[in-house]
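# Examining the three-dimensional arrangement
These are the residues of each chain, in order.
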Amino acid sequence: MNINILIGGAAGQGINKVSDIVSNVLSKYGYYTFNYRDYPSLIRGGHNFNVLAISDIPIESHSLKMDFIVALDERTIETHKSELKKGGVLVTSEGFEDEGKNLNVALAGFLIKILGIPLKNLESEINSQFKESEDALISAKKGFDKAEKKFSLKKLNNKISILSGSEAVSIGARNSSLDVYIAYPMTPSTNVMNEMAKNQVENNLMVFQPENEIAGVSMALGSSFAGAKTMVGTSGGGFDLMGESLSMQGISGIPLTVYLASRPGPGTGVPTYTSQSDLDIALRAGHGEFPRIVIAPGNPIEAIEKTSEALLLSEKFRTLSIILSDKHLAESEFSSDEKLKKVERFSVVRDVPGEKIVKAASYEVDGTGNSTEDAVLTEKNADLRVEKYESLKEYIVKNMEMIKIHGNKDSKNLIIGWGSTSGAIKDAIKDLDAKFLQVMYMKPLSPQIKEEMENAEHIILVECNVTGQLGRLLREKTGIKIENRLLKYDGRPFCVDELKEHLKEML
Amino acid sequence: MVNEEEKSVIKPVIAILKSETVKKLGTQQENTWCPGCPNFVILDSVKQVVAKFIDEGKYKQEDFAITTDIGCHAKIFDYLNLSGIYCLHGRAIPTAIGMKLGNPNLKVLTFAGDGAAYSEGISHFIHAFKYNPDMTLVLHDNQSFSLTTGQPTPTSQQGFLSKSEPLGVFDKPINPLKLALASNATFIARVNARDIKHMNEIFAKAINHKGFSFVEVIQDCLIFNLDANHKDKMMYKIEDNTDLSLAEKLVGEFDYNSKEGKIPIGVIYQNEKIPSLEEKWPQLKSLMEKGVGWKGKDL
Ligand SMILES: Cc1ncc(C[n+]2csc(CCOP(=O)(O)OP(=O)(O)O)c2C)c(N)n1
Ligand code: SF4
């Protein structure tokens, strides 16, 4: 079972509330949902839509073709009616003219009835979301009563929770008891800042918004040096500004964790859309040669775990760890019943100012921590940085889950992808003869990748960028060039049905 | 009462003790400033002031943390045996603020040049006054990018000829003290690098100030922008000032451009009623109360 519902309207009409109510009711009813958010960079008006996918088995993607379209305005009908499947239903605001700002609630009620879910489930959701509002309940019931049941979803026993990638990064950071989070607003990284800021005092951490990204990352180095577990968050342009300080991290060895959420560039690009085009800068930003770790989770559960890993590794190896995400992961809402792996707790054990005299520098230093231009030390320090990379690599290969294999493990058809694209790939290959290799550690790379590539007869690369950045990285590291590439770079993520069609043609 | 005889015994003992602490604040690093560079005097002054705080039992040597920028002035990092970060060019101020976010109990001193803070890091300079962290900025103003061989900075005078601007500087210099006041500074002082006694006094006041204290040190560079040197004749000492309208007048007296007029030195403005960064943030306040940084938060 897989039902896709498009909910569209102008910004400010509250389309998110519709998907919110419906997905909450459904997840409590034991169903998996995935909610994709598509919105332009404006605050009121324009055209926003969500696609809410519903399934009785885990899903992490949405489709191009809709079973329902819920239109809060005319423009939604105009723009999307061609996406309606044969036999699909268009739900409009007709008959709900009097609902005013509760139109969204009424339409949510309408959908719940169509799906065949009992009224009491809707009522309890509305009561918990709109504590005191009688009006909301009346509107929801009115919507419910006007609709006709089309499905009869049976209650399932799955224990499901809904999370966005941004909430997940924030949970992962808190699981590792992050102390200081520093970020300058930039979509799509901002939601992590908002999440962390929400209950910062109760959660015993601090969220600081500096004057710009350069200040932010400089502050992060100072804060980390002083002994706080520190993380910064940003997106492409902001990350560029941080470049010099990443290099400063490399020479000083002050632990630093960066959350980088991508959107389509270059320049300001397409700010509220998605892209996987910042892998290159994550791998290489900052002058000089120094070690780093780049980790790209594909869904919120991985984002929780990998954020904790990034923080642990930064501290353990006094290095730079980058958590690479994008708008699609950061802002889509995923449902899951997966159990989290145990978090490896850690404390800051290094010497910090206040306790000892500790020095760190942007220059090469000698044993006393003072600057040096000595040739022997210059060479030795460079060697030490290479050794540091070798030892962190060894540790990661031994201890961390660097890749995942999904689908038919014996298949000779190998699909390779990473990050937020993984959801659509996992769902698309459900009944294809294909194995999906999901790369999570982009640096260091798992040695298993080369083996998998060598054993495959047919390899397809799937990424959301125009040059196939993971493909280029794999070629550099394995010598194997992937000829078959499925690249999407229109700012929109892959839909599962379109991806499946493409993969079928290529296999 | 101490009689004359006892005094003469006690005095040298104290002097020795002090010099022991001053010695502990030094390092073995070879000093590479040009002979006679005023940075030597600033280094001595900082050592004496910090040593005094340590000797008086107010702080331990480990409680201090410094950040330095990049430039001639910044070499002070290597010559001070204090915790700290030798930062990237322009970033000494935000890195220092970060230290305060990481452990609000640290006594933080930042050393930056006029190129560093007024050019590369100007946005940080302005915002520091707004955040008002309890720390001190020592700004070495020699009206020149010296370590990069003498290019003009935002406070270089009009007409300054250099290899990078052989046509001479067209623009009038900025007035950083005016800018600081307009940015709600809570402590602005100016000192002369030739007057170590006065410098000691003002540095101590700056460190004691509860909030962001900004001390501009007027210093000559012996190699570059020689025309800007020898402003001593224009300088005059003022009483510590807490009056805003007087401060507005005082910061306007020197325009960094002409060799005429007066240059007030001393505490030009102080306001301790504005809460510091550490007082504004409940998280930092609580760390202050416990006397720990985040590292010790669970103790
Ligand atoms: C990002 C960056 N840009 C430029 C430089 C080169 N640089 C080194 S020191 C310096 C100027 C220092 O001038 P100032 O801050 O006035 O200090 P002074 O040498 O006069 O004490 C510059 C531009 C650098 N290190 N980093
Ligand atoms: S160049 Fe100028 S500022 Fe630099 S050390 Fe020499 S005298 Fe001092």
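Remember, it's a predicted structure, so these values are computed and weren't measured experimentally.

What counts, and at which threshold
- Residues numbered from 1 in each chain as written.
- Chains lettered and ligands numbered in written order.
- Predicted model: local features only at pLDDT ≥ 70, side-chain atom pairs only at ≥ 80, totals over all residues.
- Heavy atoms only, no water.
- Domains from an automatic or database assignment.
- Contact = heavy atoms within 4.5 Å.
- Buried area = accessible area lost by both parts, 1.4 Å probe.
- Core = buried A, V, L, I, M, F, W, Y, C linked by side-chain atoms within 4.5 Å.
- Buried < 20%, exposed > 50% of the residue type's maximum accessible area, 1.4 Å probe, protein only.
- Near = heavy atom within 4 Å.
- Polar contact = N/O pair within 3.5 Å; in protein donor to acceptor, adjacent residues only side chain to side chain.
- Areas by Shrake-Rupley, 256 points an atom, 1.4 Å probe, with all protein chains shown as cover.
- Helix = DSSP H or I, 4+ residues; strand = E, 2+ residues; numbered from the N terminus.
- Nonpolar A, V, L, I, M, F, W, Y, C, P; charged D, E, K, R; others polar.
- Patch = residues over 30% accessible without salt bridge, like charges linked within 9 Å, V, L, I, M, F, W, Y side chains within 5 Å.
- Salt bridge = Lys/Arg side-chain N within 4 Å of Asp/Glu carboxyl O.
- Lys, Arg positive; Asp, Glu negative; His and termini not counted.
- Charge placed at Lys NZ, Arg CZ, Asp CG, Glu CD.
- Pairing = 2+ DSSP bridges.
- Axes fitted to C-alpha atoms, helices over the stretch in contact; angles between N-to-C directions.

By a widespread convention, an interface's size corresponds to the accessible area lost as its parts come together. Residues and elements named next belong to chain A. Annotation of chain A at the domain level lists domain 1 (2-159), domain 2 (163-399) and domain 3 (403-506). Between the C-alpha centres of domain 1 and domain 3 the distance comes to 33 Å. If you look at the interface, domain 1 gives eleven residues, while domain 3 gives twelve residues. Roughly 870 Å² is buried in total at the junction of domain 1 and domain 3, and carbon and sulfur atoms are behind 50% of that figure. It is E60, H62 and L64 in domain 1 that bury the most area against domain 3; as a group they hold 48% of the surface buried on that side.

As a further point, take the nonpolar core. The biggest cluster of nonpolar side chains holds 100 residues, and the ones touching the most others in it are I416, M442, M453 and L470 of chain A together with F214 of chain B. Here this core spans two domains, since at least three of its residues come from each of domain 2 (163-399) and domain 3 (403-506) of chain A. Residues contacting M442 of chain A, with those up to four places away along its chain left out, are L279, L283, V294, A296, W418, L470 and L473 of chain A.

All right, on to the site of ligand 1 then. For ligand 1, the set of nearby residues contains 17 residues, the closest of which are C72, H73, G115, A116 and S144 of chain B. Around ligand 1, the neighbouring residues derive from chains A and B rather than from a single chain. Between an oxygen atom of ligand 1 and a main-chain N or O atom of S144 of chain B, the distance comes to 2.8 Å. Residue S146 of chain B places a main-chain N or O atom 3.1 Å away from an oxygen atom belonging to ligand 1. For ligand 1, whose accessible area on its own is 590 Å², the fraction buried by protein is 77%. Among the elements that take part in the shell around ligand 1, helix α5 (residues 114-120) of chain B stands out by supplying four residues, more than any other. Counted by class, the shell around ligand 1 contains five nonpolar, nine polar and three charged residues.

Moving on to a negative patch on the surface. On the surface, E379, D383, E387, E390 and E394 of chain A cluster together into a negatively charged patch. Along the chain, E387 of chain A turns up in helix α13 (residues 375-399).

Hydrogen bonding along the main chain pairs the strands of a sheet, whether they run parallel or antiparallel. In space, the nine strands of this open sheet follow the order β14(A)-β2(B)-β1(B)-β3(B)-β4(B)-β6(B)-β5(B)-β8(B)-β7(B), with mixed pairing throughout. Lying at the two open borders of the sheet, with one neighbouring strand each, are β14 (359-361) of chain A together with β7 (235-237) of chain B. Each strand axis lies, on average, 20° off the axis of its neighbour in the sheet, ignoring direction. With three bridges joining them, β14 of chain A and strand β2 (residues 83-86) of chain B adopt parallel strand pairing. Across the sheet, residue A361 of chain A finds its bridge partner in β2 of chain B, namely Y86 of chain B. Against the sheet, helix α8 (residues 213-225) of chain A makes contact with β14 of chain A together with β2 of chain B, and its axis sits at roughly 155° relative to β2 of chain B, the strand it touches most.

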